[in-house]
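# A closer look at the structure
What follows is each chain in one-letter form.
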Amino acid sequence: MPVLRLVLVPASPVATLPDGSVMTKLMGVVNVTPDSFSDGGRYFDSETAIAHGRELTAAGAEILDVGGESTRPGAEAVPVEEELRRVVPVIEGLADAGAQISVDTSKAAVAAAALDAGAEIVNDVTALRGDPEMAGLCAERGADVVLMHMRGDPQTMQDDPRYDDVVVAVKEFLAERLAAATAAGIAEERIWLDPGIGFGKTAAHNMELLRRLGELRELGRPLVIGTSRKSFIGKLDGSAAGERLGGTIASSVLAAAAGAEILRVHDVAEMRQALAVATAVLG
Ligand code: HH2
């Protein structure tokens, strides 16, 4: 078993502690959807979603990731008007909650309205490929941007995904998208990268990415990792989406120890406690 290290090379915009170690940030998931794979329908009503976002902030989320379109395998696209109707009131309601808000969208019109409503981060699972207006919008508005790797789209991504070397492929993709984003005028220090755990990958691919996260750190930007409740955990032990907290915590702590700066999770309180223990023991 390799030794875990939580004292990491800091990279803006992630908070650093006085000793130079990185404080891992938690991004709490607020899904305003009827069909998300693990909590679809639970927070579909705006007031319930806002209350949930406030709970996640109280539990220690520095970022709230508000999304109005499920990206689960096979998910149907949501029309722009409906996505706006879902996310804008929730972002407005959370603007003073004490966390930064990110909007999980690949539509420029939704991102623009979300930024107007108080969001500061655009989390685009298509890495700016889904909407030709998205890169220019993020550049013009000075938003922080999460660029995520996905093979294909949610309709097709789990159809027999294959890579010669998944880590090399993801790294090349993220390097190319990082270059495209900066070429479009987005400041490099505003860009975060995400290998897209579960997006066009087998369980073995996901494990390989988590094991070799250090190679993605060579890209020089903060890494976002979202393992929360994902199906690769269920592939190991047969658990359903609502029964994957242990696997979420194990994979997320390992990711933090390997250099991930932002962990995207549904269960913020439990994750915060796990990180506190890991940091106290190893830090
Ligand atoms: N995972 C999901 C959605 N958005 N964004 C980033 N940057 N990284 C991820 O790993 C990621 C993401 C899927 O999780 P969830 O939001 O819970 O499900 P759904 O897409 O079904 O709403």
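To be clear, the structure that these remarks concern was listed above.
The residue count restarts for each chain, going from 1 along the sequence in the order it is written. Since the coordinates come from a predicted model, pLDDT governs what is reported: local features require at least 70, and pairs of side-chain atoms require 80 or more to be given and counted, while whole-chain, interface and lining totals use all residues. With hydrogens and water set aside, each side-chain value is computed from the structure's full complement of heavy atoms.

## Description of the site of the ligand
For this purpose, a residue is taken to be near a molecule or strand whenever a single non-hydrogen atom of the residue falls within 4 Å of it. Close contacts around the ligand come from 17 residues, with S36, S70, T71, D194 and K230 the closest. Residues adjacent in sequence count toward polar contacts only when both atoms are side-chain atoms; beyond that, a polar contact is any pair of N or O atoms within 3.5 Å, and within protein one must be able to donate a hydrogen and the other to accept it. N31 is positioned such that a nitrogen or oxygen atom in its side chain is 3.2 Å from an oxygen atom of the ligand. Within the contact set of the ligand, a nitrogen atom lies 2.8 Å away from a side-chain nitrogen or oxygen of N123. Values of accessible area rely on a 1.4 Å probe in the Shrake-Rupley scheme; residue burial ignores everything except the protein chains shown. Taking 480 Å² as the accessible area of the ligand by itself, protein coverage stands at 98%. By the convention adopted, Pro, Cys, Tyr, Trp, Phe, Met, Ile, Leu, Val and Ala count as nonpolar, Lys, Arg, Asp and Glu as charged, and the other residues, Gly among them, as polar. Here the residues of the shell around the ligand sort into 5 nonpolar, 7 polar and 5 charged.

## Some details on a nonpolar patch on the surface
Patches draw on residues past 30% relative accessible area with no salt bridge. Two like charges within 9 Å are joined, as are two nonpolar side chains (Val, Leu, Ile, Met, Phe, Trp, Tyr) within 5 Å. The term salt bridge refers to a side-chain nitrogen of Lys or Arg lying within 4 Å of a carboxyl oxygen of Asp or Glu. A cluster of nonpolar residues, V277, V281 and L282, forms a patch on the protein surface that exposes about 260 Å² of accessible area. Relative to the helices and strands, L282 is located in helix α10 (residues 268-282). Secondary structure follows DSSP: runs of H or I at least 4 residues long count as helices, runs of E at least 2 residues long count as strands, and numbering of each begins at the N terminus.

## A few points about the pattern of salt bridges
This structure, assessed with the given rule, holds 20 salt bridges. In this structure, R72 engages D35 in a salt bridge whose closest nitrogen and oxygen atoms are separated by 3.1 Å. Highlighted residues: R72 in the loop between β2 (63-67) and α2 (80-94) and D35 in the loop between β1 (25-31) and α1 (46-58), separated in sequence by 37 residues. Of the charged contacts, one joins R272 and E62 as a salt bridge, the two residues approaching to 2.8 Å between their closest N and O atoms.

## Overview of unusual backbone geometry
The phi angle at L128 is positive, at roughly 70°, despite the residue not being glycine. Tracing the backbone shows L128 in the loop between β4 (121-124) and α4 (134-141). Although it is not a glycine, D160 adopts a positive phi angle of roughly 50°. By the element assignment, D160 lies in the loop between β5 (144-148) and α5 (166-183).

## What about the packing of α5 against helix α6 (residues 203-211)?
Axis definition: a line fitted to C-alpha atoms, over the contacting stretch in the case of helices. Angles run 0 to 180 degrees between N-to-C directions. In the contact formed by α5 and α6, the axes pass within 9 Å of each other and the chain directions differ by 70°. Judged by the inter-axis angle, α5 sits roughly perpendicular to α6. In this structure, α5 meets α6 at a crossing whose hand is right-handed. When α5 is examined against α6, the residues V166, V167 and V170 are found in contact with a partner set consisting of H205, E208 and L209. Of the residues in the contact of α5 with α6, the class split is 4 nonpolar, 1 polar and 1 charged. Every angle not falling under 35 degrees, over 145, or within 65 to 115 is termed oblique; those three ranges are roughly parallel, roughly antiparallel and roughly perpendicular. By the definition used in this description, the sense in which the near helix is turned from the far one sets the handedness, with an anticlockwise turn below a right angle giving left-handed and a clockwise turn giving right-handed. Any two residues whose heavy atoms approach within 4.5 Å at even a single point are treated as in contact.

Any functional reading would require information beyond the geometric quantities listed.
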